[in-house]
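Results of the structural survey
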Amino acid sequence: MATSVSEQYAKIDFSPIQALTEGEVITQSPVRDIRLPSGRMLALITLDNGRDHTRPNTLGPATLTQLGETLDGLAARAAAGEIQAVGITGKQYILAAGADLSDISKVGSRDNARLIAQLGHKVLGKLGELGVPSFAFVNGLALGGGLEIALNSTYRTVDASAAAIALPEVFLGIIPGWGGAYLLPNLIGIENALEVVISNPLKQNRMLKPQQAFDLGIVDAIFPAANYLENSLVWADTVLGGKKIERKNEPGKIERLTKWPIAIKMARGMLESKIGTIPKSPYAALDLLDKAKSGTKAEGFAREDEALAELVTGDQFAASMYAFDLVQKRAKRPVGAPDKALAKKVTKVGIIGAGLMASQFALLFVRKLQVPVLITDLDQARVDKGVAYIHEEIGKLEAKGRLDADTANKLRALVTGTTDKSLYADCDFVIEAVFEEVGVKQQVFGEIENIIADDAILATNTSSLSVEEIGAKLAHPERLVGFHFFNPVAVMPLIEIVKTPSTSEAALSTAFVVAKSLRKNAVLTADAPGFVVNRLLAKVMGEAARAVYEGTPLTDVEKAFAPLGLPMGPFQLIDLVGWKVAAHVQDTMAHAFPDRFYANENFHALAELDAVVEKDKGGRVTGWTKQAEKILKPAVGKTAASAATILQRVQDGLASEIKLMLDEGVVPEVEDIDLCLILGAGWPFIDGGASPYLDREGASERAFGGSFHSPQIRGIESR
């Protein structure tokens, strides 16, 4: 094994991946010399792809090759005594967003995938072998390979206004493959590294703010944006002059011997309990972090080469890239959205209802739109409770520092509550959050329509009822649109916007503009039972219920669904959304499609209980409550289904239902269904939503004799 990184990669032929550079937006690496206050010379590389900040610097093969040549030149200058340090920073607001994922996804072979990893290691590894100290000045966004540029450098500073710092690779089905999995734990300790490399990516790709990166010890200094580079250069000069850098989280011998293996063991148990064993990348990352406690940097980099080569060529990465593309591109340009110029300007929002859901709506609308928000209910006590909840939540945001005092006071003043519906008169957008029953929704809209302006928009948050039927008694049904949020409202990024045959382009355009203003992703759906997400979740829940009523033990049913990779088992999900809501959705779907959706009257009796299932500390379902067992006993059969049978039934049922939804025109394309499931149901990136998974599992072929994607979305080694 080579003793240095440069020796390890010196004789490798990288020509096979130079063919991948066609179309690459090359990030240039120009150098300028800067005379420091002490008289020392620092050569500063500024990464810049020539585009504005909306197109971040990325690191493809041509970029890396050019950067490598630049670093070789600087190493020669250092050896000649011309420079005493090297700095590396980025264009305005951006260091780098990491590897060019479009290049990685077309590597063509496992050998080429390994070469991508090796080229990154060879080039970035030079930052630690220049013969003089290297300084990474993290002036903005630093993701993946961007952060690994900094980790490979000797010292690091960060701009306090940088957008985000992260190693998001596990979220995308791979691992930090250019040094992150070895260098980070040896810089900040194993527990902190586990958080950055594994926990954060699995929490909806959570990223670090600059102060957090500094507190963890990822960077050595943090400076305000106003004079960031100047301050960083002065600081670098003091380091070159002998200033000692304290790294309090850097692990010592005792941590490596004792804390390290314990932390790895606990992390493995946590992963198994929370995500099961289907996802590969978290466990690959865990193994790399475990082995990073000993051995050389060259050995650590070699392990990353092999792990990245295996994952990049697998099905989960291919599916993740498909999902990533949906979220990054399709979600931002919703298919079927009318011209935004048609949208009515929203200067006041009305919310019918003052319960928890209505109050969550009010909080979201007032925070994101910062316009007056009115809530009403049948009595003043309910209204007061709703307003108090909103004020309390604003107070919590203020206490956390997410709102300043002036903004918090302004938001509180914008929220009003009343029983006087005449105050809806000047609302431009009115959404209901009342009981899920057509008659109730028709009644409240009928009252409001007589009060509001002719061009005001009405929106219903129904989860499964016909929007057209809800608007059937309106004088102007063209103003009604479905606007279906997902719970919790503040967190879930999806809104299903439902168009009826009557919905006007103006109403539809307004809904899309409002959704974007709320910073939500909107997907257009036709007015069909359950729309997209609830229709497919009803299929999942229905098959789970069918298995239970046949006689399959509850925990066996939960385990049978594990290969789907959903964030939680079906009964854990039902318990989260509420048993009454789930029973109602099942009834709606079984009524609409009695031959395809399972419902059981006994479900309603369960829904009346205070508690239906027992759960462990992690929220996983462990069994029925005694009251539930009593209700279930007379309704449950004695023909338990096997895990394989249950899984195949749900796979084939989902494949059939998705095909029917496409044939019915519920959404334009299967990509919209996958996008809805990823954003609205937490369907994992490593599945790519449902359709690529169902193709790979053979369910599409079994259900309708074809596949949703041609060619199928598969890894290089599975094609």
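From a predicted model like this one, the values you see are computed outputs, not experimental measurements.

What counts, and at which threshold
Residues numbered from 1 in each chain as written. Predicted model: local features only at pLDDT ≥ 70, side-chain atom pairs only at ≥ 80, totals over all residues. Heavy atoms only, no water. Axes fitted to C-alpha atoms, helices over the stretch in contact; angles between N-to-C directions. Helix = DSSP H or I, 4+ residues; strand = E, 2+ residues; numbered from the N terminus. Parallel < 35°, antiparallel > 145°, perpendicular 65-115°, else oblique. Contact = heavy atoms within 4.5 Å. Nonpolar A, V, L, I, M, F, W, Y, C, P; charged D, E, K, R; others polar. Expected span 1.5 Å × (residues − 1). Buried < 20%, exposed > 50% of the residue type's maximum accessible area, 1.4 Å probe, protein only. 1 Å grid on protein atoms, 1.4 Å probe; cavity = no way out; pocket = protein on both sides within 12 Å on 5 of 7 lines; lining within 4 Å. Points joined across faces, edges and corners; volume = space filled by probe spheres on them. Pairing = 2+ DSSP bridges. Phe/Tyr/Trp six-rings, centres within 6.5 Å; stacked < 30°, edge-to-face > 60°. Lys NZ or Arg CZ within 6 Å of the ring centre and 35° of its normal.

Each pair of packed helices gets described by two things: the angle between the helix axes and the distance between those axes. Their axes nearest at 11 Å, the elements helix α12 (residues 281-291) and helix α13 (residues 297-312) cross at an angle of 175°. Between α12 and α13, the interaxial angle falls into the category roughly antiparallel. Of the residues in α13, those touching α12 at S281, A284, L288 and K291 are R303, E304, A307 and L311. Grouping the constituent residues of the contact of α12 with α13 by class yields four nonpolar, one polar and three charged.

Moving on to helix α10 (residues 228-240). A rise of 1.5 Å per residue sets the reference length of α10, with its 13 residues, at 18 Å; its end C-alpha atoms lie 18 Å apart and thus fit the reference within 8%. If you check which residues of α10 are buried, you get Y228, S232, L233, W235, A236, D237, V239 and L240. On its buried side, α10 packs onto β1 (31-35), β2 (41-47), β3 (85-90), β5 (134-138), β7 (155-159) and β9 (221-223).

Before going further, it helps to examine empty space enclosed by the protein. Within this structure, the stated rule accounts for three cavities of 30 Å³ or more. There is about 40 Å³ of room inside the largest cavity. Lining of the largest cavity is provided by R330, P334, V335, A522, V523, L524, D672 and L675. Looking at the lining of the largest cavity, the elements that each hand over two or more residues are β17 (521-526) and α28 (670-681). If you tally residues by element for the lining of the largest cavity, the top one is β17, at three residues.

This part is about the sheet that holds strand β15 (residues 480-484). The strand order across the open sheet built from eight strands is β12-β11-β10-β13-β14-β15-β16-β17, with neighbouring strands paired in mixed fashion. Each end of this open sheet is capped by a strand with a single partner; those strands are β12 (415-418) and β17. Looking at each pair of strands side by side, their axes are set apart by 25° on average, direction ignored. Both strand β13 (residues 429-432) and strand β14 (residues 457-460) contribute to a ladder of four bridges, which runs parallel. Across the sheet, residue I431 finds its bridge partner in β14, namely A459. Helix-sheet contacts for helix α16 (residues 380-399) involve β11 (373-376) and β12, and the interaxial angle to β12 is about 165°.

Our focus in this paragraph is the packing of aromatic side chains. Tallying each qualifying case throughout the model produces 17 aromatic pairs. Each ring, one from F135 and one from Y155, has its centre 5.2 Å from the other, and the planes form 25°; the classification is stacked. Here F135 is found in strand β5, whereas its partner Y155 is found in strand β7, with 20 residues between them in sequence. We note that F135, like Y155, is buried. Here a set of aromatic residues connected by ring pairs shows up, and it is made of F361, F365, F429, F483 and F485. Over the ring of F597 we find K539, and its NZ or CZ is 4.7 Å from the ring centre. Positioned above the aromatic ring of F593 is the side chain of R596, whose terminal nitrogen or guanidinium carbon lies 4.2 Å from the ring centre.

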